[in-house]
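Structural description and commentary
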Amino acid sequence: MTDFLIYDLKVALLIALFYMFYRLLLAHETFHRVNRIVLLLTAVASYVLPLCVITYHETVVMHQTPTVAIGDLQATVYEPSTPLWQIILPVLFIIGASVALGHTLCSLFRIIRLINQSEQHLQDDGTIVCVTGNAAISPFSWMHYIVMNRSDYETRDAAILAHERGHIRLRHSWDLILVDTLTALQWFNPAIWMLRNDLRAIHEYEADGAVLSQGINARQ
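A brief look at the structure comes next.

Thresholds applied
- Residues numbered from 1 in each chain as written.
- Predicted model: local features only at pLDDT ≥ 70, side-chain atom pairs only at ≥ 80, totals over all residues.
- Heavy atoms only, no water.
- Pairing = 2+ DSSP bridges.
- Helix = DSSP H or I, 4+ residues; strand = E, 2+ residues; numbered from the N terminus.
- Axes fitted to C-alpha atoms, helices over the stretch in contact; angles between N-to-C directions.
- Contact = heavy atoms within 4.5 Å.
- Buried < 20%, exposed > 50% of the residue type's maximum accessible area, 1.4 Å probe, protein only.
- Polar contact = N/O pair within 3.5 Å; in protein donor to acceptor, adjacent residues only side chain to side chain.
- 1 Å grid on protein atoms, 1.4 Å probe; cavity = no way out; pocket = protein on both sides within 12 Å on 5 of 7 lines; lining within 4 Å.
- Points joined across faces, edges and corners; volume = space filled by probe spheres on them.
- Nonpolar A, V, L, I, M, F, W, Y, C, P; charged D, E, K, R; others polar.

1. What to know about the sheet that holds strand E1 (residues 119–122)
- Reading across from one edge, E1-E2-E4-E3 is the order of the four strands in this open sheet, with mixed pairing throughout. Lying at the two open borders of the sheet, with one neighbouring strand each, are E1 and strand E3 (140–142). Within the sheet, the average angular offset between the axes of one strand and its neighbour, ignoring direction, is 25°.
- Sheet topology note: the strand E2 (residues 128–132)/strand E4 (residues 145–149) ladder contains five bridges and is parallel. Paired with Val131 across the bridge in E4 is Met148.
- Across the sheet, helix H3 (residues 85–116) touches E1, E2, E3 and E4, and the angle it forms with E3 is around 100°.
- Contacts between helix H5 (residues 158–169) and the sheet are confined to E2, E3 and E4, with E4 contributing the most and set at about 150° to the helix.

See below:
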């Protein structure tokens, strides 16, 4: 477990470093597709690079030394006790990762349950509009489902549908699954949470771009 924690710490340092450069160089740019790719590569590369080990071979000449017979010497070997921090840190890490991953799974379960309990309408483009009776639900999309309350559905707002179809066409749900899973293993790292928030914001910009590309008024 200690080896994994050391690996995870290396990942945390790489994420913080890469994200810092992203904030300095790209965060204020409007190339949303590029920014999205950079953030995803930052998350994945930070997990892969610590696994890359460079090995080299070196020839070592061993000189044989004479052995000395000591006789029947008995020695008592004492096993060193495990340091307390090697017990506490793994426990804290497992608790934090379990809470973060559990929150993600609970959110996913609630979405699936809401979709299954909704009135479903298959669209010509293959998406499915799920109408729920809960008026407090704001429109959102997950995979190829668009969830909205009945009032929004009856309004037939083209901008809302185009926005959510933009999320679906750009496969933003897969981004969230990947990043939320990686975040569970980096729950202690503020950089991964900021990266996650930036990625969600980029998703909204990309979906808004999909709306504008259909000629819908920008003010609307």
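2. A few points about the pairing of E1
- As defined by bridge partners, E1 adjoins E2 across four bridges and the pair is classed as antiparallel. Each residue of the ladder has a partner; that of Leu122, found in E2, is Ile128.
- In this antiparallel pair of consecutive strands, E1 and E2, the connection spans five residues, and Gly126 shows a positive phi of 95°.

3. Notes on the environment of Ser46
- With respect to the helices, strands and loops of the structure, Ser46 is situated in helix H2 (residues 32–48).
- Assessed through its relative accessible area of 0%, Ser46 is described here as buried.
- Sequence separation between Ser46 and Lys10 is 36 residues, and the spatial gap between their C-alpha atoms is 8.2 Å.
- Excluding residues within four positions of it along the chain, Ser46 makes contact with Val11, Leu14, Ile15, Phe18 and Leu41.
- Looking at Ser46, its side chain comes within polar contact range of the main-chain nitrogen of Ile15, at 3.4 Å.
- Among the polar contacts made by the side chain of Ser46, one reaches the main-chain carbonyl oxygen of Thr42 at a distance of 2.6 Å.

4. Some words on empty space enclosed by the protein
- Under the defined criterion, the tally for this structure stands at one cavity of 30 Å³ or more.
- In this structure, the largest cavity encloses a volume near 70 Å³.
- Lining the largest cavity we find Gln123, Val129, Met148, Asp152, Tyr153, Arg156, Asp157, Ile160, Leu161 and Arg165.
- Of all the elements in the fold, those that place two or more residues in the lining of the largest cavity are helix H4 (150–155) and H5.
- Counting residues per element, the lining of the largest cavity draws most heavily on H5, which supplies three residues.
- Partitioning the lining of the largest cavity into residue classes produces five nonpolar, one polar and four charged.

5. Regarding the side chain of Asp198
- By secondary structure assignment, the location of Asp198 is in helix H7 (residues 190–212).
- Beyond its immediate chain neighbours, meaning those up to four positions away, Asp198 contacts Tyr19, Tyr22, Arg23 and Leu39.

6. A few points about the layout of surface pockets
- Here the largest pocket defines a volume of roughly 550 Å³.
- Residue lining of the largest pocket: 26 residues in total, with Ile111, Trp142, Leu176, Asp180 and Arg200 positioned closest to the centre.
- Of all elements in the fold, only H3, E3, H5, helix H6 (172–185) and H7 reach the threshold of two or more residues within the lining of the largest pocket.
- Counting residues per element, the lining of the largest pocket draws most heavily on H3, which supplies seven residues.
- Of the pockets and cavities examined, the second largest pocket occupies roughly 230 Å³.
- Of all the secondary-structure elements, those providing two or more residues to the lining of the second largest pocket are helix H1 (2–25) and H3.
- Ranked by residues supplied to the lining of the second largest pocket, first place goes to H1 with five residues.
- Its residues assigned to classes, the lining of the second largest pocket comprises nine nonpolar, one polar and one charged.

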